[in-house]
Amino acid sequence: MLWQGHDRAGPPERRRSARRQGAPLLAADGGARLTHMARDAMGLNAPARLLAALSMVAGVAWLAAPWLPLPPTLALIGKGAPVALLALAAAACARSADGWLLALAMALGAAGDVLIEMSFGAGAAAFAAGHVAAIILYARNRRKALGAADMAVAAGLLLIGLIGPALLLPEGMRVMPFTLYALLLTGMAAAAWASRYPRLVGYGALLFVASDALIGWRIASGSASVLLGAAIWSLYY
């Protein structure tokens, strides 16, 4: 749920053409959105810029939530608002299947943010569906040629998804559901890395993986650290 844009390496005519065709301006399922928002805000239409700005405010404000006596309903709204606003921003710019896939992936991420507070399984399912939407988006925009290093990164991510949960989770916990989710997560990151979008999109997807890895560590350790929660949110958003 990063920012991404049309190919800025191309000439102005190509950039204008990409904008007309609805090239995605926000990258699905990533992290470090704030960096990309600041970088790409000028590529958005006015409603999307407003929604993106509101998302940044909401995302930063959510870091203060552990210290605020928020009613449960308001807490759910505060948790879901940052990414929901990005989904609306993506929808405001959507002019093609890619744009709507991006909006869908972000909307599913926002749903996951809310549902996971009520049911871990339901939240994980929403995030998994968002990863599927993002994989389709990135696969539709894959790079024409991948070097050996890029293929190694993609393979390494899939390997992490395959063995990571078994290494991270405590004995006695059902590993298979976590492994299936981890493969979708790292598959999304691998697809982002192999896409034609700017490399920052791939880095953002890696931050998403890091955020979920910290969640796995929190589950395994039983930690309730507020600082750990802040790190998870910061890497995710």
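Preceding this section is the structure that the text describes.
The present account deals with the structure reproduced in this document. (Residues numbered from 1 in each chain as written. Predicted model: local features only at pLDDT ≥ 70, side-chain atom pairs only at ≥ 80, totals over all residues. Heavy atoms only, no water.)

**Re a nonpolar patch on the surface**
Where nonpolar side chains cluster on the molecular surface, the patch consists of Leu68, Leu70, Leu74 and Ile77 and spans about 350 Å² of accessible area. The residue Leu70 is located in the loop between helix 3 (46–62) and helix 4 (72–93) in this model. (Patch = residues over 30% accessible without salt bridge, like charges linked within 9 Å, V, L, I, M, F, W, Y side chains within 5 Å. Areas by Shrake-Rupley, 256 points an atom, 1.4 Å probe, with all protein chains shown as cover. Salt bridge = Lys/Arg side-chain N within 4 Å of Asp/Glu carboxyl O. Helix = DSSP H or I, 4+ residues; strand = E, 2+ residues; numbered from the N terminus.)

**So, the nonpolar core**
Met106, Tyr138, Met188 and Phe208 are the most contacted members of the largest nonpolar core, which totals 35 residues. Elements supplying a minimum of two residues to this core: helix 4, helix 5 (97–115), helix 6 (120–140), helix 7 (148–168), helix 8 (176–193), helix 9 (199–221) and helix 10 (226–236). Sorting elements by how many residues they give to this core places helix 8 first, with seven residues. Counting residues in hydrophobic clusters, the runner-up holds seven residues, among them Ala48, Ala52, Ala89 and Cys93. (Core = buried A, V, L, I, M, F, W, Y, C linked by side-chain atoms within 4.5 Å. Buried < 20%, exposed > 50% of the residue type's maximum accessible area, 1.4 Å probe, protein only.)

**A closer look at the packing of aromatic side chains**
Applying the stated criterion to the full structure yields eight aromatic pairs. With a centroid separation of 6.1 Å and 40° between ring planes, the pair formed by Phe120 and Phe178 is classed as tilted. Note that Phe120 is positioned in helix 6 and Phe178 in helix 8, a separation of 58 residues in sequence. Judged by its relative accessible area of 24%, Phe178 is partly exposed. Between Trp193 and Tyr203, the ring centres sit 5.4 Å apart and the planes meet at 65°, which makes this aromatic pair edge-to-face. (Phe/Tyr/Trp six-rings, centres within 6.5 Å; stacked < 30°, edge-to-face > 60°.)

**Some words on the side chain of Asp98**
Locating Asp98 in the fold gives a position in helix 5. Within the structure, Asp98 has its side chain in polar contact with the side chain of Arg140 (distance 2.6 Å). Only 3.1 Å separates the side chain of Asp98 from the side chain of Asn141, close enough to count as a polar contact. (Polar contact = N/O pair within 3.5 Å; in protein donor to acceptor, adjacent residues only side chain to side chain.)

**Thoughts on the packing of helix 5 against helix 6**
The geometry of helix 5 relative to helix 6 is characterised by a closest axis approach of 8 Å and an angle of 160° between their N-to-C directions. Between helix 5 and helix 6, the angle falls in the class roughly antiparallel. Helix 5 and helix 6 meet at a crossing whose hand is left-handed. Seen from helix 5, the contacting residues are Ala97, Asp98, Leu101, Leu102, Leu104, Ala105, Leu108, Gly109, Ala111, Gly112, Asp113 and Leu115; seen from helix 6, they are Ala122, Gly123, Ala126, Phe127, Ala129, Gly130, Ala133, Ala134, Ile136, Leu137 and Arg140. (Axes fitted to C-alpha atoms, helices over the stretch in contact; angles between N-to-C directions. Parallel < 35°, antiparallel > 145°, perpendicular 65-115°, else oblique. Left-handed = near helix turned anticlockwise from the far one by under 90°. Contact = heavy atoms within 4.5 Å.)

Such coordinate-based values are descriptive only and should not be taken to indicate function.
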